[in-house]
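Chain and residue survey
These are the residues of each chain, in order.
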Amino acid sequence: RTQARYRFEIAGQERKCIRLLDRFQWVEPYATDNIKTKHLEEAAKYFQVINEIWEKRERLWHSVALTSAGCTAKGWQVAILCFTAALEGILTYSKSHGITKRLSSSFACLTKSDKEERDAAYKEFCKVYDVRSDIIHGRIRDIAENERLLMVNQTSNVLRSLWHKVLSSESKQTELEKDDKDRESFFSGICMGYTP
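Presented here is an overview of the structure given in this document. (Residues numbered from 1 in each chain as written. Predicted model: local features only at pLDDT ≥ 70, side-chain atom pairs only at ≥ 80, totals over all residues. Heavy atoms only, no water.)

What to know about the overall build of the protein
A count of helices and strands for the protein gives 8 helices and 2 strands. Each helix and strand of the protein, placed in order from N terminus to C terminus, yields the pattern β-β-α-α-α-α-α-α-α-α. Counting over 196 residues, the protein shows a buried share of 36%. If you sum the accessible surface of the protein, you get close to 12500 Å²; carbon and sulfur atoms cover 51% of it. (Helix = DSSP H or I, 4+ residues; strand = E, 2+ residues; numbered from the N terminus. Buried < 20%, exposed > 50% of the residue type's maximum accessible area, 1.4 Å probe, protein only. Areas by Shrake-Rupley, 256 points an atom, 1.4 Å probe, with all protein chains shown as cover.)

This is how it looks when you write it as structure tokens:
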């Protein structure tokens, strides 16, 4: 449970003070009040990598911005849409049909190595992406109220597991900053032979 309070003073600009008072949202009971030093050390390690991505303002930057927007969103639909847009921004490489299968395979193969684990990750991604489609196409009444926050949590967990793999590997970051053609080659290599 976090509230980020920042005050930025920028020299030489008319508007000299900018305040950021965003509150990171959480889903009960998936938040904890117990934070250990190892959690802060891990967060610091990832923050450095995220900061480098942010400063470069290349392809992954958009997914960082969308992830942040999802973390501070007050509406469950907005959070899911931001998180899934961030997922798509990391995993996409083509405008052709079959996006759910393509993204699900890319996610499964980037985050898992074992066939059984990949299949489970593939199914989980499909479920999350189907909820995104229901929201976009106005079918939210089909999502039971008691399942909505659980879906926010599941979507957040899928995105977190993807970011964990990406932020832990400089080579993956390099590949994912490239254009669609190079990304397609990268994903073809890691998904070679995988059939869900």
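From this point, things continue past the structure.
Side note on the packing of helix H2 (residues 59-72) against helix H3 (residues 76-91)
Two numbers describe how H2 lies on H3: the axes approach to 8 Å, and their chain directions differ by 165°. Overall, the two elements H2 and H3 adopt an arrangement that is roughly antiparallel. Our pair here, H2 against H3, has a crossing hand that is left-handed. Packed against H2, whose contacting residues are Leu60, Ser63, Leu66, Thr67, Ala69, Gly70 and Cys71, the element H3 presents Ala79, Cys82, Phe83, Ala85, Ala86, Gly89 and Ile90 at the interface. Of the residues assigned to the contact of H2 with H3, the class counts are 10 nonpolar, 4 polar and no charged. (Axes fitted to C-alpha atoms, helices over the stretch in contact; angles between N-to-C directions. Parallel < 35°, antiparallel > 145°, perpendicular 65-115°, else oblique. Left-handed = near helix turned anticlockwise from the far one by under 90°. Contact = heavy atoms within 4.5 Å. Nonpolar A, V, L, I, M, F, W, Y, C, P; charged D, E, K, R; others polar.)

Let's talk about unusual backbone geometry
Of note, the phi angle at arginine 57 is positive, near 55°, even though the residue is not glycine. Looking at the secondary structure, you find arginine 57 in the loop between helix H1 (37-56) and H2. Judged by its relative accessible area of 48%, arginine 57 is partly exposed.

So, the pattern of salt bridges
Considering all chains together, one arrives at 4 salt bridges under this definition. Between glutamate 175 and lysine 178 there is a salt bridge; the shortest N-O distance is 3.2 Å. Using a relative accessible area of 22% as the deciding quantity, one classes glutamate 175 as partly exposed. What makes lysine 178 partly exposed here is its relative accessible area of 31%. (Salt bridge = Lys/Arg side-chain N within 4 Å of Asp/Glu carboxyl O.)

Remarks on helix H4 (residues 99-111)
Note: α-helices contain 3.6 residues per turn, so residues at a spacing of three or four share the same orientation. The first and last C-alpha atoms of H4 sit 18 Å apart over 13 residues, in line with the 18 Å expected at 1.5 Å per residue. Where burial is concerned, most of H4 is hidden: 10 out of the 13 residues are buried. Within H4 the residues assigned to the buried category are Arg102, Leu103, Ser104, Ser105, Ser106, Phe107, Ala108, Cys109, Leu110 and Thr111. (Expected span 1.5 Å × (residues − 1).)

Section: the packing of H4 against helix H8 (residues 180-190)
Remark: H4 packs on H8, axes separated minimally by 9 Å, with the N-to-C direction vectors making an angle of 60°. Crossing of H4 against H8: the hand is left-handed. Each of Ser106, Cys109 and Leu110 in H4 lies in contact with H8, whose residues at this interface are Phe186, Phe187 and Ile190.

Describing the environment of phenylalanine 83
Residue position: phenylalanine 83 is located in helix H3. With a relative accessible area of 4%, phenylalanine 83 lands in the buried category. Sequence separation between phenylalanine 83 and asparagine 157 is 74 residues, and the spatial gap between their C-alpha atoms is 9.7 Å. When near neighbours in sequence (up to four residues on either side) are disregarded, phenylalanine 83 contacts Thr67, Gly70, Cys71, Val152, Thr155, Ser156 and Leu159.

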